Amino acid sequence: IHVAAAAPPRPVEIPPTEPQAAEAARAGSGVAWVDCAGSSFRAARLRKRVEARGGDGDAALGLVRVTRCNDAWELLRALDAAADAAGAGGLVVVDAPSAVLQQNMGGDRNPAGHQLVALVGAALWAAARRGLAVVVANSTARAYPDDDELGGGARGGRAVLALS
């Protein structure tokens, strides 16, 4: 008798910065989420995380401002606005900036693309110098549904840059 193993569960995409955003909002800090990937932020998921830690999910969501970006110029505008939206001591999350910056790079012979990257870096440092916590994630972590209900057992690669 041959018994075939069951296929592993399909991974669920969980942004690696979501727990930090949920904790900041639960603590009453403003959160500015700049979503360059177009679909990383989920209000229901953040509400669930906050409520699991004993917070008021609706109040926490009231502290979160989400901006979606489709190109590098929108990213720069969003970063300028994010510092004001998060407020003093808040958190700025930039999820997958490479999604909008990559299209401008064009190799070694595109100085304008490199200047855009430098401008984004300067905007991130400016937000950090204003006293905001800045987290940049350039990939998503994969969590498996059987790890726990909230995806806390994240597996897989992720690149996160935190400026403070």
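Residues numbered from 1 in each chain as written. Predicted model: local features only at pLDDT ≥ 70, side-chain atom pairs only at ≥ 80, totals over all residues. Heavy atoms only, no water.

(A) Expanded view of the overall build of the chain. Across its full length, the chain carries six helices and seven strands. Relative to its full complement of 164 residues, the chain shows a buried share of 37%. By sequence separation, contacts in the chain at least 24 residues apart represent 72% of the contacts at least 6 residues apart. Carbon and sulfur atoms provide 52% of the accessible area of the chain, an area that totals close to 9000 Å². (Helix = DSSP H or I, 4+ residues; strand = E, 2+ residues; numbered from the N terminus. Buried < 20%, exposed > 50% of the residue type's maximum accessible area, 1.4 Å probe, protein only. Contact = heavy atoms within 4.5 Å. Areas by Shrake-Rupley, 256 points an atom, 1.4 Å probe, with all protein chains shown as cover.)

(B) Region of interest: the pairing of strand 5 (residues 133–137). Where burial is concerned, most of strand 5 is hidden: four out of the five residues are buried. With five bridges joining them, strand 4 (residues 91–95) and strand 5 adopt parallel strand pairing. Bridge pairing links Val 94 to Val 136 in strand 5. (Pairing = 2+ DSSP bridges.)

(C) Representation of the environment of Gln 103. Relative to the helices and strands, Gln 103 resides in helix 5 (residues 98–105). When the C-alpha atoms of Gln 103 and Asp 71 are compared, they prove to be 8.4 Å apart, with 32 residues separating the residues in sequence. Apart from residues lying up to four places away in sequence, Gln 103 is in contact with Asn 70 and Asp 71.

(D) Highlighting the nonpolar core. Val 34, Leu 75, Leu 79, Val 92 and Val 94 are the most contacted members of the largest nonpolar core, which totals 25 residues. Listed by contribution, the elements that provide at least two residues to this core are strand 2 (31–35), helix 4 (72–86), strand 4, helix 5, helix 6 (111–129) and strand 5. Take this core: its biggest share by element is eight residues, from helix 4. Contact partners of Val 92, with chain neighbours within four places excluded, come to Ala 32, Ala 82, Ala 86, Leu 132, Ala 133, Val 134 and Val 135. Among the nonpolar cores identified, the runner-up in size contains 15 residues, and Ala 21, Ala 22, Leu 46 and Ala 60 belong to it. (Core = buried A, V, L, I, M, F, W, Y, C linked by side-chain atoms within 4.5 Å.)

(E) Structural context of unusual backbone geometry. The phi torsion at Ala 96 lies on the positive side, around 60°, for a residue other than glycine. Along the chain, Ala 96 falls in the loop between strand 4 and helix 5. A relative accessible area of 12% places Ala 96 in the buried class.

(F) Region of the structure containing the pattern of salt bridges. Applying the stated criterion across every chain yields a total of five salt bridges. With its nearest N and O atoms 2.6 Å apart, the salt bridge here joins Arg 26 to Glu 23. Taken as a pair, Arg 26 and Glu 23 lie in helix 1 (residues 18–26) at a separation of three residues, close to a single helical turn. For Arg 26, a relative accessible area of 33% puts it in the partly exposed group. Salt bridges sharing common partners tie together Glu 23, Arg 26 and Arg 53. (Salt bridge = Lys/Arg side-chain N within 4 Å of Asp/Glu carboxyl O.)

(G) Main features of the packing of helix 4 against helix 6. Interaxial distance between helix 4 and helix 6 falls to 10 Å at its minimum, and their mutual angle equals 15°. Comparing their axes, helix 6 and helix 4 come out roughly parallel. Two packed elements cross with a definite hand, and for helix 4 against helix 6 that hand is left-handed. Residues Ala 72, Trp 73, Leu 75, Leu 76 and Leu 79 of helix 4 pack against Leu 116, Leu 119, Val 120, Ala 123 and Leu 124 of helix 6. When its residues are assigned to classes, the contact of helix 4 with helix 6 shows 10 nonpolar, no polar and no charged. (Axes fitted to C-alpha atoms, helices over the stretch in contact; angles between N-to-C directions. Parallel < 35°, antiparallel > 145°, perpendicular 65-115°, else oblique. Left-handed = near helix turned anticlockwise from the far one by under 90°. Nonpolar A, V, L, I, M, F, W, Y, C, P; charged D, E, K, R; others polar.)

(H) Just helix 4, in detail. In a regular helix each residue adds 1.5 Å, so 15 residues correspond to 21 Å; helix 4 covers 21 Å between its end C-alpha atoms and thus fits that length. Listing the buried residues of helix 4 in full gives Ala 72, Leu 75, Leu 76, Ala 78, Leu 79, Ala 82, Ala 83 and Ala 86. Structurally, helix 4 contributes buried residues whose contacts are with strand 2, strand 3 (64–68), strand 4, helix 5 and helix 6. The opening residue of helix 4 is Asp 71, an N-cap whose side-chain oxygen sits 3.1 Å from the backbone nitrogen of Trp 73. Where helix 4 ends, the next residue or the one after it, Gly 87, has phi of about 75°, a positive value. (Expected span 1.5 Å × (residues − 1). Polar contact = N/O pair within 3.5 Å; in protein donor to acceptor, adjacent residues only side chain to side chain.)

As far as function goes, none of this settles anything; it's purely spatial.
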